[in-house]
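So the chains spell out like this:
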Amino acid sequence: MSTPTTGEPAGDPPADASTDLVELRVPADPAYLTVVRTASAGLAARLDLTLDEIEDLRIAVDEACTLLLGPSPSEADLVATFRLGEGSLEVEVRGPARELPERSSFAWAVLEALVGEVFTGTSATGAWIVLRHSKTSGAPLGVVAGVG
């Protein structure tokens, strides 16, 4: 399921004692994407996901970051915010890209095939993508909800 939107991400889960929040800020340069990929895999492992599910999430986060870098390296930051709840992981990535590619592009096909929910939007400072996975949703990480 994907929902294109504009403005700020909606529906942020309320912060409570059962939700861990990790924010990673790196320069918006492809050389730093390995740091974000490694953090994604490490945090996903805390949910007791299978190795295939962890790898799918790592690839999806990498693809989202790549989409948000923009056409050339800038002095802006790429910010990945990970929210870990009981059996769920949400990754919000913000970057300097002013526009996102068409939803029919290969990059979107990859994102939508690897995570259960994808939300996107743009703001005055750039674009954002939110990836959500929940072990309790019944949809495996590698299957788009409503397909398959």
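Residues numbered from 1 in each chain as written. Predicted model: local features only at pLDDT ≥ 70, side-chain atom pairs only at ≥ 80, totals over all residues. Heavy atoms only, no water.

Looking at an unreviewed UniProt entry, one finds the chain named Serine/threonine-protein kinase RsbW, with Kineococcus mangrovi as its source organism.

In terms of helices and strands, the chain carries three helices and six strands. For the chain, the succession of helices and strands along the chain, N to C, is β-β-α-α-β-β-α-β-β. The burial tally for the chain puts 43% of its 148 residues in the buried class. Counting contacts in the chain only where the partners sit at least 6 residues apart, residues at least 24 apart contribute 72% of the total. For the chain, the exposed surface amounts to about 7500 Å²; the carbon and sulfur share of it is 56%. (Helix = DSSP H or I, 4+ residues; strand = E, 2+ residues; numbered from the N terminus. Buried < 20%, exposed > 50% of the residue type's maximum accessible area, 1.4 Å probe, protein only. Contact = heavy atoms within 4.5 Å. Areas by Shrake-Rupley, 256 points an atom, 1.4 Å probe, with all protein chains shown as cover.)

A few words now on helix H1 (residues 33-45). Between its first and last C-alpha atoms H1 spans 19 Å; for 13 residues at 1.5 Å apiece the expected length is 18 Å, and the two agree. Buried residues of H1: Leu-33, Val-36, Ser-40, Ala-41, Leu-43 and Ala-44, and no others. Those residues of H1 that are buried are in contact with strand S2 (20-27), helix H2 (51-68), strand S3 (77-85) and strand S4 (88-95). (Expected span 1.5 Å × (residues − 1).)

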